[in-house]
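One-letter residues, chain by chain:
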Amino acid sequence: MAADYDLAIVGAGIAGLAHALAGVRRGLKTVVIDRDAQANGASVRNFGFITVTGQQAGATWQRAKRSAQIWDEVAPKAGIRIEHRGLAVASRRAEATAVLEAFLASEMGEGCALVSRAALRERFPFLAGRNEAALWSPHDLRVESKDAIPRLAAHLERDWGVAFRRQSTVHEVAPPMVATSGGTIRAETVVVCPGDDFSGLFGAQLREAYPGLTRCKLQMLRVKPASGQNLPCSVMSDLSLVRYLGYAELPEAAALRKRLESEQAAQLENGIHLIAVASADGTQVVGDSHHYAATPDPFASDAVDELMLDEYEAVLGSRPEITARWLGTYASLPDRPMLRMAPAERVRLVIVTSGTGASTSFAIGEETIAELFG
Ligand SMILES: Cc1cc2nc3c(=O)[nH]c(=O)nc-3n(C[C@H](O)[C@H](O)[C@H](O)COP(=O)(O)OP(=O)(O)OC[C@H]3O[C@@H](n4cnc5c(N)ncnc54)[C@H](O)[C@@H]3O)c2cc1C
């Protein structure tokens, strides 16, 4: 019996939707299957910060550049607003400015610029007075993920004819058979994008191939800025420069890390750095922290929130009011930003194993589809 679909995707997070887009752009008849009624995983809990500058040199940076391009192509068609463009990485310490200068001198610094302390007042007044410089990057985008992911799915369904099967858990994949709690679907090729579910499909193979696979729990805040003024771009700070590998792998980051270990040990222990992004309603999304465990506990800590706000205040000058809190988790491997394995014929299992899925999935989707379909 002929298959109903050329391509079935398991998972309707950004990774699954990105693979679906790459599939339909090649003319493949595609179905997306998800166990939830609506997107509920990392893809709607994140900052929607499509980060190019600061991604690890090499494949991740290249994927981020390509993915930002695709976000730009797709957003207007899907009715997704680009909330703002660009990134300002503020530095408060000479050691941090040295990292920014080294970054600018690298291939990845192309199009970026260092804004001096004197120029901050005019260019980024919200950083002036407290920061000694800032790196400006024009390459980065921000979308409101809780709206963008449903809109991307609706665009795929409406404009590309992708079929969606929601509230269907996939419990076996052996093409052309895809067994779901809602019945069997027949597809020639299957891509499984399960996010941080490692004990479901191909769980034993996954854990054997990647014994270090774990989860990372993040605390996130929505805040109202005390000034009432919102940010025109994404903002990061000194702590980000020892966390984001595009900076942290530069030799100059060692001196900054040493200084931060003595001055901001509590933030480092909790994996805290600053990302602040703006929303259309005048609020900001602010984070984040990083705690690793196979099954992270579901409890948010006030102390961690306060440490995040301490960094916010040091960089932006005032303490905002918290209007919402949530947790998110993502898949994590210590030494790999993503994994793609072939657990069966005509099947690929794809997991972004670093906090970069919003920034890299579109490119990863294109790679997987090219590998499968030539
Ligand atoms: C708090 C937070 C902040 C982040 N910030 C950023 C950021 O600013 N920029 C960035 O680039 N990245 C960021 N990330 C990382 C990014 O969000 C993730 O890498 C990305 O969302 C992973 O997408 P995914 O589709 O693989 O997973 P998910 O969004 O978790 O989707 C997986 C889907 O698979 C479904 N599923 C799993 N198993 C089955 C099954 N057997 N049957 C049916 N359905 C199944 C689940 O229901 C789920 O809908 C952040 C992550 C978090 C948690």
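Please read all numbers here as calculations on a predicted model, not as lab measurements.

## Description of the domain arrangement of the protein chain
A common way to express how large an interface is: the accessible area buried when the components associate.
Phase 1: Entries for the protein chain in the domain assignment read domain 1 (5-44 + 147-211 + 335-373) and domain 2 (49-143 + 214-332).
Phase 2: The gap between the C-alpha centroids of domain 1 and domain 2 is 28 Å.
Phase 3: Taken together, the contact pairs 31 residues of domain 1 with 25 residues of domain 2.
Phase 4: A buried area of about 2300 Å², summed over both sides, lies between domain 1 and domain 2, and 58% of it is on carbon and sulfur atoms.
Phase 5: Looking only at domain 1, the three residues that lose the most surface to domain 2 are Asp-196, Ser-359 and Phe-362, adding up to 24% of its buried area.
Phase 6: The shortest N-O distance in the salt bridge between Arg-25 and Glu-73 comes to 2.8 Å.

## Some details on helix α12 (residues 357-373)
Phase 1: The first and last C-alpha atoms of α12 sit 23 Å apart over 17 residues, in line with the 24 Å expected at 1.5 Å per residue.
Phase 2: Of all the bends in α12, the greatest measures close to 30° and is centred on Ala-363.
Phase 3: α12 sits mainly inside the fold: 12 of its 17 residues count as buried.
Phase 4: Along α12, the residues that are buried comprise Gly-357, Ala-358, Ser-359, Thr-360, Ser-361, Phe-362, Ala-363, Ile-364, Gly-365, Thr-368, Ile-369 and Leu-372.
Phase 5: At the C-terminal side of α12, Gly-374 shows a positive phi close to 85°.

Rules used throughout
- Residues numbered from 1 in each chain as written.
- Predicted model: local features only at pLDDT ≥ 70, side-chain atom pairs only at ≥ 80, totals over all residues.
- Heavy atoms only, no water.
- Domains from an automatic or database assignment.
- Contact = heavy atoms within 4.5 Å.
- Buried area = accessible area lost by both parts, 1.4 Å probe.
- Salt bridge = Lys/Arg side-chain N within 4 Å of Asp/Glu carboxyl O.
- Helix = DSSP H or I, 4+ residues; strand = E, 2+ residues; numbered from the N terminus.
- Expected span 1.5 Å × (residues − 1).
- Bend = angle between axes of the 7 residues up to and from the residue.
- Buried < 20%, exposed > 50% of the residue type's maximum accessible area, 1.4 Å probe, protein only.

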